[in-house]
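# Structure at a glance
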Amino acid sequence: MAHSVRCISKDGTLFVMAADTTDIVETARRLHHTSKVCSAALGRLLTGCSFMGQLLKGNDDTVTLRVKGGGEAGVVVAVADSDGNVKGYIENPNVELPLNSKGKLDVGGAVGKDGYITVMRDLGLKEPYIGQTPLVSGEIAEDITAYYAMSEQTPTVCALGVLVNPDLTIAVAGGFMVQLLPTADSEAIDRVEKCIQDIPAVTTMLAEGLTPLDICRKVLSEFELEQLDESFPEYRCDCSRDRVARALVTLGKEELLSMAQDEFTEVNCHFCNKKYKFTPAEIKALAKS
Ligand SMILES: [Zn+2]
């Protein structure tokens, strides 16, 4: 199970979340058979999306992050609920690239930076709330930080990391996100910047056995923190035969009748790769509805 912790500073100027999402990213890897760099790209987005999900107010709200940077890996998508449970996919999960100049998995190279990060919040209203900002690096965490700064005017520090074992399993994955509250003055901002200057990589802290709460405290060593809550989110797909059938209906009558000529129709869920089979009679029934 993943483990996520949320703290607020006692002076009320900021809050911080940290999570160990190793299990979530390992599940994603098993479902999507991702290469190392694609595990890192998808894992970072899943972790960031889980944080953003936990910031939703309504129980049934969801948030979708979509990153399209023009790189070989294609579009990367993650969807989270308000408990931080998350699912996602990456368009081309097999992309392999040499390590970047820092000796790290080249997530920015695989994702590309010629495009946008799109945030869609479904808050149960008629229309979802949609925000979009240009990608900064395709490294995901920087792009989420820039999204918050530009689109929501919320000063945010976000760090996300995935460490992959030689056998492609996930060694550790996780991240942290600091957000300044409207009560924060420039002095608080200076203090945060001073705190995060020499922070080790998230994967280093997790590999050393630090818990999410330890990470919150290490990241904001200058602040006295109070734990607000903790949660245990997981990789969760909520697909069902009903949902797939409803999606098929949106293809329109003509398309469905042409599909009914096939021996059977198989639909794969993008998020969990579950297969749903429909007979020609079932497809015809959908065409009529
Ligand atoms: Zn599914």
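Residues numbered from 1 in each chain as written. Predicted model: local features only at pLDDT ≥ 70, side-chain atom pairs only at ≥ 80, totals over all residues. Heavy atoms only, no water.

### Regarding the domain arrangement of the protein
Selection criterion: In this document the domain limits rely on a domain assignment from an automatic tool or a database. Summed over both partners, the accessible surface that disappears when two parts come together, traced with a 1.4 Å probe, is what is meant by buried area.
Structurally, the protein comprises domain 1 (3-231) and domain 2 (241-288). The C-alpha centroid of domain 2 is placed 35 Å from the C-alpha centroid of domain 1. Both faces combined, the contact of domain 1 with domain 2 buries some 530 Å², and carbon together with sulfur accounts for 64% of it. Considering only the side of domain 1, the residues that lose the most area to domain 2 are L31, K87 and Y89, jointly responsible for 72% of the buried surface there.

### Description of the packing of helix α8 (residues 241-249) against helix α10 (residues 280-288)
Each pair of packed helices can be described by the angle between their axes along with the distance between the axes. Rules: Axis definition: a line fitted to C-alpha atoms, limited for helices to the stretch in contact. Angles are taken between N-to-C directions and run from 0 to 180 degrees. Comment: elements are numbered from the N terminus, with helices defined as DSSP H or I runs of at least four residues and strands as E runs of at least two. Here is the rule for angles: anything less than 35 degrees is roughly parallel, anything more than 145 is roughly antiparallel, 65 through 115 is roughly perpendicular, and the remaining ranges are oblique. A crossing counts as left-handed when the near helix is turned anticlockwise from the far one by less than a right angle, and as right-handed when that turn is clockwise. Working rule for contacts: check all heavy atoms of both residues, and any pair within 4.5 Å makes them a contact.
At a minimum axis distance of 9 Å, the contact between α8 and α10 shows a crossing angle of 60°. Taken together, the axis directions place α8 and α10 in an arrangement best described as oblique. The interaxial crossing formed by α8 with α10 has right-handed handedness. Where α8 approaches α10, its residues R241, A245, L248 and V249 are matched on the opposing element by E282, I283 and L286.

### Examining the coordination of the zinc ion
Filter applied, for reference: Here the term donor refers to an N, O or S atom within 2.8 Å of the metal (or 3.2 Å for Na, K and Ca), and because water is left out of the atoms, sites may appear incomplete. A four-donor site is called tetrahedral if each angle lies between 85 and 135 degrees; a four-donor site is square planar, and a six-donor site octahedral, when trans pairs exceed 155 degrees and the remaining angles lie between 65 and 115; all other cases are labelled irregular. Note on exposure labels: buried denotes an accessible area under 20% of the residue type's maximum, exposed denotes more than 50%, and partly exposed covers the range between, all computed with a 1.4 Å probe on protein chains only.
Only C237 (SG), C239 (SG), C269 (SG) and C272 (SG) from the protein coordinate the zinc ion, and they sit 2.2 to 2.3 Å from it. Taken together, the four donor atoms coordinating the zinc ion and their angles of 104 to 115° define a geometry best described as tetrahedral. Here the donor residues of the zinc ion share one chain and are spaced in sequence as C-x1-C-x29-C-x2-C. With a relative accessible area of 24%, C237 lands in the partly exposed category.

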